[in-house]
Amino acid sequence: GRYPPDQVLINVYELAAFRNLNQLVDQVGWNLGGALHAGVEVFGREWCFGGGDGRGSGVVCEEPRSSKQHRYRETVVMPRTELTAAEVALLIGELLEVWQAKDYH
């Protein structure tokens, strides 16, 4: 890949439901960004948090830059993590339990 596996990447998406708003913001030239969603990519997986009505975690794992609900816009490169892949997996495991979908908003 283009980056080492421990590189942390923030993948930014435009919310599909706010497509018209995002286009207006772009056309007017307001440097506001728009209605956005982000996923954190590390060790070849992308993780994000979202809401829902059902029980269970709001933490979701997807193929990087492939969200079906949003339109990919750009990637922001962050510093590399000092955690190992195993430590990241343990941390995500904790977040899966704590960050519930019903608590999103």
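**A word on the pattern of salt bridges**
Right, so step 1: Scanning all chains against the criterion turns up five salt bridges.
Right, so step 2: As a salt-bridge pair, Asp6 and Arg80 come within 2.8 Å of each other at their nearest N and O atoms. One end of the pair, Asp6, is in the segment before β1 (7-15); the other, Arg80, is in strand β5 (residues 70-80), and 74 residues separate them in sequence.
Right, so step 3: Across the salt bridge formed by Arg65 and Glu41, the nearest N and O atoms sit 2.5 Å from each other. Here the residue Arg65 occupies a position in the loop between β4 (59-62) and β5, and Glu41 occupies one in strand β2 (residues 36-42), the gap between them amounting to 24 residues.

**Description of the side chain of Thr81**
Right, so step 1: When you line up the elements, Thr81 lands in the loop between β5 and α2 (85-98).
Right, so step 2: Taking the relative accessible area as the measure of exposure, Thr81 reaches 18% and is therefore buried.
Right, so step 3: There is a polar contact of 3.0 Å between the side chain of Thr81 and the backbone nitrogen of Leu83.

**Side note on the environment of Ser57**
Right, so step 1: Along the chain, Ser57 falls in the loop between β3 (45-49) and β4.
Right, so step 2: On the basis of relative accessible area, Ser57 is assigned to the partly exposed category, the value being 29%.
Right, so step 3: With 43 residues separating them along the chain, Ser57 and Gln100 place their C-alpha atoms 4.3 Å apart.
Right, so step 4: With sequence-adjacent residues up to four places away left out, Ser57 is seen in contact with Leu95, Leu96, Trp99, Gln100 and Ala101.
Right, so step 5: At 2.9 Å, the side chain of Ser57 forms a polar contact with the backbone nitrogen of Val59.
Right, so step 6: At 2.9 Å, the side chain of Ser57 forms a polar contact with the backbone oxygen of Leu96.

Each value, and the rule that gives it
- Residues numbered from 1 in each chain as written.
- Predicted model: local features only at pLDDT ≥ 70, side-chain atom pairs only at ≥ 80, totals over all residues.
- Heavy atoms only, no water.
- Salt bridge = Lys/Arg side-chain N within 4 Å of Asp/Glu carboxyl O.
- Helix = DSSP H or I, 4+ residues; strand = E, 2+ residues; numbered from the N terminus.
- Buried < 20%, exposed > 50% of the residue type's maximum accessible area, 1.4 Å probe, protein only.
- Polar contact = N/O pair within 3.5 Å; in protein donor to acceptor, adjacent residues only side chain to side chain.
- Contact = heavy atoms within 4.5 Å.

Any functional reading would require information that these geometric values do not contain.
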